[in-house]
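If you want the building blocks of each chain, they are given just below.
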Amino acid sequence: MSDIPQDISHDQHAVRLKKLHDLRAAGADPFRANCEQTHFSAEALKAYVDGQDYTVPVKVAGRLVVIRDMGKSQFVKILDQQGQLQLYVKKDQVGEAAYAAFKKLDLGDIIGAEGPLFKSQSGEITVRVDKYTLVSKALRPLPEKWHGLTDREQIYRQRYLDLIVNEESRKRLMQRSRIVASIRATLANRKFLEVETPVLEGVAGGAAARPFTTHHNALGTDFFLRIALELRLKRLLVGGYDRVFEIGRVFRNEGVSTKHNPEFTMLEVYQAYSDFRGMMDLLRAVFADLCRDVIGATEIKHAASGQVINFAGEWREARYFDLIDEAAGFKLSALRHTPDYRAKATEAAQKLGLEIHPGWETHEIVNEIFGKKIEPTLIQPTFVTHLPKELCPLAKLNAEDPGLIDVFECIIGGMEVAPAYSEQNDPFVQREMFEQQVGEDQQKMDTDFLLALEHGMPPAGGMGVGIDRLCILLTGAESIRDVILFPSLRPGGSS
RNA sequence: GGGUUGGUAGCUCAACGGUAGAGCAGCGUCCUUUUAAGUCGUUGGUUCCGGGUUCGAAUCCCGGCCAACCCA
């Protein structure tokens, strides 16, 4: 090289580039195509037979995250999907040249290593390295080993770094995968078909939310990104798929907060010849399996309230208006069909310190009481039933009181986890409900869905579960961003 | 959209308006069972960006960017 010699010792990127250059000059491949691996880290730890040092050989691979250099030997740790594993590299064992090369490795490099397991003096199961290979050179330094990465922006924008150095993040986000896998298994066991339906829709229905719009060039038309899965899945009920579910991304063009990400994951499940009570059983089955497969207990500690949430006991059932009356301190619900209702509801809400917007419908005022004063207090699993019909236009009306609907809202830890309905299958009632909604929110009506209903949809129970919120609940996360690998951020930002 | 807080070395953080520092990482040395390993030495800065006030600004003021929290 004819490079002017210069001090690059302060520039970690430059130091590593130099090492990379030297490796290539020496004929090594710093970015190999593969690496044989017989055990993940946790599997290797399990494979060790107590008292039988140096008898079980393993081939492992991972990223160097700890290096403790003691001159002629060093203890290092690699990180793989299952966690960390200690390796012991000795000059005598690997040979002089290989040892010298090992000393040039950096934190963050990815290596493969093989050798037998043994227990170190301090009792840690360790691989005594006979051979090792650098399989991927890391050209950038890792964040600090002790404090990890704390800068929120960097955690979200460079999640891979967060996953490497922050163990809680790695575990929490893996927990999410297990939660989803457990739910899939529960539903498969109950003969539900998993399906995929369009993200691009001509009409964004199934919920009240502002959609994102996009444009299809070849078709020369605008599309909406779906805001719910409901209307497509119900068409499948019409088509004779009696038990279907989809776990899919939906998009709502609304605010961002600790509980809202513009794109989030919904489970929606529909079961023909069932109803909202059948969905109660199903939801409890989902939680029973989650307790067994993921949590490993039937209860969790709820950080926000300090309470222990018990999933194994009886789940409380409560009528919406009983809870409202309780919060209001008088029988507000008795006035539902009287001209005084709005005034009394407003009075009750204001007495509870709530701000009421003059443009709100009466049911919105009442629901403000529910959302602000009741929901947050429902920590133990609670099915709230007999909701007013204005809240969900896709549910069956209650036989005894057509102002109410056959639904539940399952609330756990003060958070709405799952709404479920006895699904509306009367095309006339459905059209009427849509027309009211269209009047209010200027949404387009999904007339093709109404056509499908006219072909006959079997009675069915349906349920939606916000997967992200479920993960917040089960992992004790503080924000939805902590259970989404790559939460929505403004593009650009740092670097 | 409004309010509050924050942005300083690769990372974690200091620095009353008066010479920008520490730990880890890096670089160089010692050490063949370490556990945030230890040891001796040492490099490294567009203090987020742009203006302003001041003899002097990381610090005070204004504007912008990005993020977090609270509110709507």
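None of these values were measured; they are calculated from a predicted model. (Residues numbered from 1 in each chain as written. Chains lettered and ligands numbered in written order. Predicted model: local features only at pLDDT ≥ 70, side-chain atom pairs only at ≥ 80, totals over all residues. Heavy atoms only, no water.)

### Remarks on the overall build of chain A
Point 1. When its secondary structure is counted, chain A shows 15 helices and 19 strands.
Point 2. When its C-alpha atoms are laid out on the principal axes, chain A stretches across 90 × 55 × 50 Å.
Point 3. For chain A, the residues scored as buried account for 47% of the 495 residues in total.
Point 4. Taking the contacts inside chain A whose residues are at least 6 apart along the sequence as the reference set, 64% of them involve residues at least 24 apart.
Point 5. For chain A, the computed accessible surface area is about 25400 Å², with 50% contributed by carbon and sulfur atoms. (Helix = DSSP H or I, 4+ residues; strand = E, 2+ residues; numbered from the N terminus. Buried < 20%, exposed > 50% of the residue type's maximum accessible area, 1.4 Å probe, protein only. Contact = heavy atoms within 4.5 Å. Areas by Shrake-Rupley, 256 points an atom, 1.4 Å probe, with all protein chains shown as cover.)

### Notes on the packing of aromatic side chains
Point 1. Taken as a whole and judged by the stated rule, the model has twelve aromatic pairs.
Point 2. Judged by centre distance (6.1 Å) and plane angle (50 degrees), the ring pair of Phe434 and Phe449 falls under tilted. Separated by 15 residues along the polypeptide, Phe434 in helix α13 (residues 427-441) and Phe449 in helix α14 (residues 447-454) bring together distant segments of the chain.
Point 3. Grouping aromatic residues by their ring pairs yields a cluster made of Phe287, Phe311, Trp315, Phe383 and Phe408.
Point 4. Here the guanidinium or amino end of Arg243 rests over the ring plane of Phe192, the centre of that ring lying 5.8 Å away. (Phe/Tyr/Trp six-rings, centres within 6.5 Å; stacked < 30°, edge-to-face > 60°. Lys NZ or Arg CZ within 6 Å of the ring centre and 35° of its normal.)

### Quick word on the nonpolar core
Point 1. Membership of the largest hydrophobic core comes to 46 residues, with the highest contact counts inside it found for Tyr320, Ile324, Phe370 and Val384.
Point 2. Beyond its immediate sequence surroundings of up to four residues, Phe370 is in contact with Tyr320, Leu323, Ile324, Glu375, Pro376, Val384 and Ile411.
Point 3. In terms of nonpolar packing, the next biggest core, distinct from the first, is built from 44 residues, Phe192, Met463, Leu473 and Leu474 among them. (Core = buried A, V, L, I, M, F, W, Y, C linked by side-chain atoms within 4.5 Å.)

### Some remarks on helix α1 (residues 12-25)
Point 1. Over its 14 residues, α1 runs 20 Å from end to end, which matches the ideal 20 Å to within 8%, given 1.5 Å per residue.
Point 2. Where α1 starts, the residue carrying a side-chain oxygen 3.1 Å from the main-chain nitrogen of His13 turns out to be Asp11.
Point 3. Just past α1, the residue Gly27 takes up positive phi, approximately 90 degrees. (Expected span 1.5 Å × (residues − 1). Polar contact = N/O pair within 3.5 Å; in protein donor to acceptor, adjacent residues only side chain to side chain.)

### Quick notes on the pattern of salt bridges
Point 1. In this structure the tally under the stated criterion is 29 salt bridges.
Point 2. We note a salt bridge from Glu153 to Arg157, for which the minimum N-O separation is 3.0 Å. Of this pair, Glu153 and Arg157 both sit in helix α5 (residues 152-157), four residues apart, roughly one helical turn.
Point 3. On the accessibility criterion, Arg157 (25% relative accessible area) is partly exposed.
Point 4. In this structure, Asp289 engages Arg292 in a salt bridge whose closest nitrogen and oxygen atoms are separated by 3.5 Å. Residue Asp289 and its partner Arg292 are located together in helix α9 (residues 276-295), separated by three residues, close to a single helical turn.
Point 5. For Arg292, a relative accessible area of 58% corresponds to the exposed category.
Point 6. Where salt bridges share partners, they join Lys19, Asp106, Asp109 and Lys137 into one cluster. (Salt bridge = Lys/Arg side-chain N within 4 Å of Asp/Glu carboxyl O.)

### Digging into the sheet that holds strand β10 (residues 221-225)
Point 1. Reading across the sheet, the three strands line up as β8-β10-β9 and stay open at both edges, with antiparallel pairing between neighbours. Of all the strands in the sheet, the pair left with one neighbour each is β8 (200-201) and β9 (213-216).
Point 2. Sheet analysis places β9 next to β10, joined by four bridges and oriented antiparallel. Bridging across to β10, Thr214 finds its partner in Phe223. (Pairing = 2+ DSSP bridges.)

### Let's talk about the confidence of the model for chain A
Close inspection of predicted coordinates is inappropriate in any region flagged by low pLDDT.
Point 1. Confidence in the prediction for chain A averages 93 pLDDT; 97% of positions are at 70 or higher.
Point 2. In the model, residues 1-5 has pLDDT below 50 throughout and makes one contact with residues more than four positions away in sequence or in other chains. (pLDDT = per-residue confidence, 0-100.)

### Some remarks on the domain arrangement of chain A
One frequently used descriptor of interface size is the decrease in accessible area upon assembly of the parts.
Point 1. Its domain assignment divides chain A into domain 1 (12-136) and domain 2 (165-315 + 380-482).
Point 2. Each of domain 1 and domain 2 has a C-alpha centre, and the two are 46 Å apart. (Domains from an automatic or database assignment.)

### Concerning the packing of helix α7 (residues 167-189) against helix α15 (residues 467-475)
Point 1. Packing of α7 against α15 leaves a shortest axis separation of 10 Å and a crossing angle of 120 degrees. One element, α7, and the other, α15, form an angle in the oblique class. Once α7 is placed against α15, the crossing between them reads as right-handed. Along the contact surface, α7 presents Arg172, Gln175, Arg176, Ile179, Val180 and Ile183, while α15 presents Ile467, Asp468, Leu470, Cys471, Leu474 and Thr475.
Point 2. Across the contact of α7 with α15, the residue classes tally to seven nonpolar, two polar and three charged. (Axes fitted to C-alpha atoms, helices over the stretch in contact; angles between N-to-C directions. Parallel < 35°, antiparallel > 145°, perpendicular 65-115°, else oblique. Left-handed = near helix turned anticlockwise from the far one by under 90°. Nonpolar A, V, L, I, M, F, W, Y, C, P; charged D, E, K, R; others polar.)

### Some details on the protein's contact with RNA strand B
Point 1. Within the structure, RNA strand B sits among 47 residues, and Arg68, Asp92, Gln121, Ser122 and Glu153 are positioned closest to it.
Point 2. A breakdown of the atoms of RNA strand B within 4 Å of the protein gives sugar and phosphate a share of 61%.
Point 3. Taking Lys145, its side chain carries an N or O atom lying 2.5 Å from a phosphate oxygen of RNA strand B.
Point 4. Taking Arg481, its side chain carries an N or O atom lying 3.0 Å from a phosphate oxygen of RNA strand B.
Point 5. Those elements giving two or more residues to the surface near RNA strand B turn out to be α1, β1 (57-69), β2 (73-80), β3 (83-90) and α5.
Point 6. It is α5 that provides the largest number of residues to the surface near RNA strand B, a total of five residues. (Near = heavy atom within 4 Å.)

### A word on the sheet that holds strand β18 (residues 415-422)
Strand pairing within a sheet occurs via backbone hydrogen bonds; the two strands may be parallel or antiparallel.
Point 1. Pairing is mixed in the open sheet, where eight strands are placed in the order β7-β11-β12-β19-β18-β17-β16-β15. Because the sheet does not close on itself, it has two edges, and the strands there are β7 (193-194) and β15 (316-319).
Point 2. Examined bridge by bridge, β7 and strand β11 (residues 243-251) share two bridges and lie parallel to one another. Bridge pairing in β11 links Glu194 to Phe245.
Point 3. Sheet contacts for helix α10 (residues 320-328): β15, β16 (382-388) and β17 (404-412); angle to β16, the most-contacted strand, approximately 95 degrees.

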